[in-house]
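Given next are the chains, with one letter for each unit.
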Amino acid sequence: MEHFDKEFCLEVWGPMACFTRPEFKVERVSYDVITPSAVRAIFEAIFWKPAFRWQVTKIEVLNDIKWTSVRRNEVGTVAGKTPIFIEEKRQQKNTLMLRDVHYRIWAKLVFIPIRKRPKKSDLLNCEERQDENPGKYNAMFERRAQKGQCFTQPYLGTRECCASFRLVNQEIEKLDAPISESRDLGIMLYDMDFESAPNNPPAMFYRAKMENGVIIVPPKDSEEILK
């Protein structure tokens, strides 16, 4: 099997979030909702192997879109061999962030052929390669997500915005409806294309539209993806 048929669903939430628009260089401004790349990073924080990648399929917005502005002091230089004198390099910058966010995010696992996997996959021995199958990885992700386990702390756009999460049991839970708002979100960052250029990946974009709180995310190889 090349694709996993099962879609997984997570609820994620947090007091603050910032999904930075790349067109704003100096001061950070967030997109209106979570981006597919941020969703993918949350799933990877819980479970990732070189044998597969996460394909985001759907985003549901459960809380109204609310904004807050944060102004803070930052250092306007990169640390190096010479000391940094904060008083000389201090800059005040403003960040336009989202607050009180709550999403339901959907994704599935897609197998990566061995010849296209990252070099980390070379560490896999022959026995592990032969043992790769959808059921094994499905069970491993479900077990970790149910226990709240993660390799790294999931975050909402920036690492300072920690995310709480839980696995949604689609078979027995009655899911709350997303917000009733619809809007054209414009051109949004989809993800970085690490497969074509691992060292200097180009950005991919897509036209995001929210219909009654639901955003359908196209596949990576879809014609809707702009490179």
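Let me sum up the structure you'll find in this document. (Residues numbered from 1 in each chain as written. Predicted model: local features only at pLDDT ≥ 70, side-chain atom pairs only at ≥ 80, totals over all residues. Heavy atoms only, no water.)

Another aspect to go through is the pattern of salt bridges. Counted by the stated rule, this structure contains 19 salt bridges. Glu60 is paired through a salt bridge with Arg104; the nearest N and O atoms lie 2.7 Å apart. Here Arg104 lies in strand β4 (residues 90-111) and Glu60 lies in strand β2 (residues 52-61), a separation of 44 residues in the sequence. As a salt-bridge pair, Arg166 and Glu173 come within 2.7 Å of each other at their nearest N and O atoms. On the accessibility criterion, Arg166 (29% relative accessible area) is partly exposed. (Salt bridge = Lys/Arg side-chain N within 4 Å of Asp/Glu carboxyl O. Helix = DSSP H or I, 4+ residues; strand = E, 2+ residues; numbered from the N terminus. Buried < 20%, exposed > 50% of the residue type's maximum accessible area, 1.4 Å probe, protein only.)

A word on empty space enclosed by the protein. Per the stated rule, a full pass over the model turns up one cavity of 30 Å³ or more. Estimates place the volume of the largest cavity at around 60 Å³. With six residues, the single largest contributor to the lining of the largest cavity is β4. A breakdown of the residues in the lining of the largest cavity according to their chemical character gives six nonpolar, two polar and five charged. (1 Å grid on protein atoms, 1.4 Å probe; cavity = no way out; pocket = protein on both sides within 12 Å on 5 of 7 lines; lining within 4 Å. Points joined across faces, edges and corners; volume = space filled by probe spheres on them. Nonpolar A, V, L, I, M, F, W, Y, C, P; charged D, E, K, R; others polar.)

Turning next to the state of the cysteines. Scanning the entire structure with this criterion turns up zero disulfides. This cysteine, Cys150, is not joined by any disulfide, and Cys162 carries the nearest cysteine sulfur, 10.0 Å off. (Disulfide = S-S within 2.5 Å.)

Taken as a whole and assessed by the stated rule, the structure comprises twelve aromatic pairs. Between Phe52 and Trp54 the ring centres are 5.9 Å apart and the planes differ by 85 degrees, which places this aromatic pair in the edge-to-face class. Both residues of the pair, Phe52 and Trp54, belong to the buried class. Among the aromatic residues, those joined into a ring-pair cluster are Phe8, Phe43, Phe47, Phe52, Trp54, Phe111, Tyr137 and Phe141. Directly above the ring of Trp106 sits Lys58, whose terminal nitrogen or CZ lies 4.4 Å from the centroid. Above the face of the Phe151 ring, Arg144 is positioned so that its terminal group lies 4.0 Å from the ring centre. (Phe/Tyr/Trp six-rings, centres within 6.5 Å; stacked < 30°, edge-to-face > 60°. Lys NZ or Arg CZ within 6 Å of the ring centre and 35° of its normal.)

As a further point, take the nonpolar core. Core analysis: the biggest nonpolar cluster contains 50 residues, and Leu10, Phe19, Phe43, Tyr103 and Phe141 have the highest contact counts within it. Secondary structure elements with two or more residues in this core: β1 (8-17), α1 (36-46), β2, β4, α4 (134-147), β5 (164-167), β6 (183-192) and β7 (203-211). Element by element, the count of residues in this core is highest for β4, at eight residues. Excluding its chain neighbours within four sequence positions, the residues that come into contact with Phe19 are Val29, Ser30, Tyr31, Val33, Ile34, Thr35, Ala38, Leu98, Tyr103, Leu156 and Gly157. (Core = buried A, V, L, I, M, F, W, Y, C linked by side-chain atoms within 4.5 Å. Contact = heavy atoms within 4.5 Å.)

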